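Observations on the three-dimensional arrangement
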Amino acid sequence: MHEVLKDAKNRMDKTIDTFRNEISKIRTGKATTALLDGIKVEYYGTMTPLNQVGNLSVLDAHTISITPWDKSVISAIEKAILTADLGLNPISDGTNIKIPIPPLTEERRKELVKLVKKFGEDAKIALRNIRRDANEHLKKLEKNKELTEDQRIHNEKEVQLLTDEHTKKIDEIIHHKEKEIMEV
């Protein structure tokens, strides 16, 4: 496989991973610790990821539990969750924090589906940009006489196949997440 194709494939794979990561944070009405990814807590003057100051677990389909390793950080965790603007209200009993996940309304579910589709479209745009970069690189190689015209055309077809394959993956992920969100 040509270096240009290998680079394009790696970049497209990273785009898919980033997309998956983005939509994993979107609430589906079910409790998952992924909702809390990206939340940072002020811990001894340093902004620290939430999963590094305590144990996160899912108690049931509608409750997340956080058990901080240092009890003095409980109020900072509550504050971080509230300021993250996820629509979650932590409840502390002095040693643990429980986060009830409220059920989603039909209207909110539709908004979340639109958001997932927007993230999907952004990922597809990123794929098309990668395709364009790869094709431009192939044209430069042809201009510099490192590739023949036939090789460039063949490689451009390979880049298009990669793009189509990754676009299909994004569509499948969107469909799966949409189904998950709309499930009551």
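Quick note: structure is the one above.
Described in the following lines is the structure provided in the data block. Keep in mind that what you see is a predicted model, and the values were worked out from it rather than measured.

Basis of the calculations
- Residues numbered from 1 in each chain as written.
- Predicted model: local features only at pLDDT ≥ 70, side-chain atom pairs only at ≥ 80, totals over all residues.
- Heavy atoms only, no water.
- Buried < 20%, exposed > 50% of the residue type's maximum accessible area, 1.4 Å probe, protein only.
- Helix = DSSP H or I, 4+ residues; strand = E, 2+ residues; numbered from the N terminus.
- Pairing = 2+ DSSP bridges.
- Contact = heavy atoms within 4.5 Å.

Structural notes on the pairing of strand β6 (residues 97-100)
Taking every second residue as pointing to the same face, the buried face of β6 carries I97 and I99, while none of K98 and P100 on the other face is buried. With four bridges connecting them, strand β4 (residues 63-68) and β6 associate as antiparallel partners. Residue pairing across strands places I66 opposite I97, the latter belonging to β6. Of the pairings in the sheet, the one linking strand β5 (residues 91-92) to β6 comprises two bridges and is antiparallel in character. Bridged to S92 within β6 is I97. Between β5 and β6, which pair antiparallel in sequence order, lie four residues; one of them, G94, sits at a positive phi of approximately 100 degrees.

Focus on the side chain of T63
Tracing the sequence through the fold places T63 in strand β4. T63 gets classed as buried once you look at its relative accessible area, which sits at 15%. When near neighbours in sequence (up to four residues on either side) are disregarded, T63 contacts A31, S57, V58, K98, I99 and I101.

None of this, on its own, says anything about what the molecule does.
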